[in-house]
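# Working through the structure, step by step
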Amino acid sequence: MTAGQLMTETCYCGSNTDYESCCGPLHRGETSARTAEQLMRSRYSGFVCENEAYLLATWHPSTRPSRVRFDSRQRWLGLRIKSTEQGLQGDQEGKVEFVARYKVDGRGHRLHEVSRFEVVDGQWFYLDGEHL
């Protein structure tokens, strides 16, 4: 997938806007997520685009791995936000429940998780998640 293709495609996060207007500015570091849900959506797009630098930069320092491993056989299919708890501007923490669908070798899977987010120095970070 080329950068030009990303610019004209509908954003992977399910926002129904184009990537360039949605997750692109976050991935390029031009802006930061304003809410936990916006960070969740941009991180999903980061996994779709295999943007390891962005994923690591938005991972909470206390739980951040040394690298992100991607599976070349995995194809992301869509994201659905089920609920959010707190996580707005002015909050210091938030939770986002989501379902991400994907395929590996043609077989469908679902990742159902409640992710926790925390603000550090004015910026949202992914802390951890509980698989449901």
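Structure shown above.
Residues numbered from 1 in each chain as written. Predicted model: local features only at pLDDT ≥ 70, side-chain atom pairs only at ≥ 80, totals over all residues. Heavy atoms only, no water.

### Section: the side chain of Ser 42
- Checked against the element boundaries, Ser 42 lands in helix α3 (residues 36-48).
- Side-chain polar atoms of Ser 42 contact the backbone oxygen of Leu 39, separated by 2.9 Å.
- Among residues more than four places away in sequence, those in contact with Ser 42 are Cys 23, Leu 26, His 27 and Tyr 54. (Helix = DSSP H or I, 4+ residues; strand = E, 2+ residues; numbered from the N terminus. Polar contact = N/O pair within 3.5 Å; in protein donor to acceptor, adjacent residues only side chain to side chain. Contact = heavy atoms within 4.5 Å.)

### Some words on the pairing of strand β2 (residues 93-104)
- Both strand β1 (residues 74-86) and β2 contribute to a ladder of 11 bridges, which runs antiparallel. Its bridge partner lying in β2, Gly 78 is registered against Arg 101.
- The sheet contact formed by β2 and strand β3 (residues 107-120) spans 12 bridges and is antiparallel. Residue pairing for β3: Arg 101 is matched across the bridge by Arg 110.
- Hairpin connection of β2 to β3: 2 residues between the antiparallel strands, including Asp 105 at a positive phi of 50°. (Pairing = 2+ DSSP bridges.)

### A closer look at unusual backbone geometry
- Positioned with a positive phi, Glu 50 is a non-glycine residue whose angle comes to about 55°.
- Inspection of the secondary structure assignment puts Glu 50 in the loop between α3 and α4 (52-57).
- Using a relative accessible area of 44% as the deciding quantity, one classes Glu 50 as partly exposed.
- For Asp 105, which is not glycine, the phi torsion reads 50° and is therefore positive.
- Checked against the element boundaries, Asp 105 lands in the loop between β2 and β3. (Buried < 20%, exposed > 50% of the residue type's maximum accessible area, 1.4 Å probe, protein only.)

### Overview of the packing of aromatic side chains
- Applying the stated rule across the entire model yields 7 aromatic pairs.
- Taken together, a centroid distance of 5.6 Å and an interplanar angle of 80° make the contact between Tyr 44 and Trp 76 edge-to-face. Taken together, the residues span a long stretch of sequence, with Tyr 44 in helix α3 and Trp 76 in strand β1 at a distance of 32 residues.
- Between Phe 47 and Trp 76, the ring centres sit 6.2 Å apart and the planes meet at 55°, which makes this aromatic pair tilted. A residue pair is termed long-range when its members are at least 10 positions apart, and Phe 47 in helix α3 and Trp 76 in strand β1 qualify at 29 residues.
- Residue class for Phe 47 comes out partly exposed when judged on its relative accessible area of 23%.
- The rings of Tyr 44, Phe 47, Phe 70, Trp 76 and Tyr 102 are connected pair by pair, giving a single aromatic cluster. (Phe/Tyr/Trp six-rings, centres within 6.5 Å; stacked < 30°, edge-to-face > 60°.)

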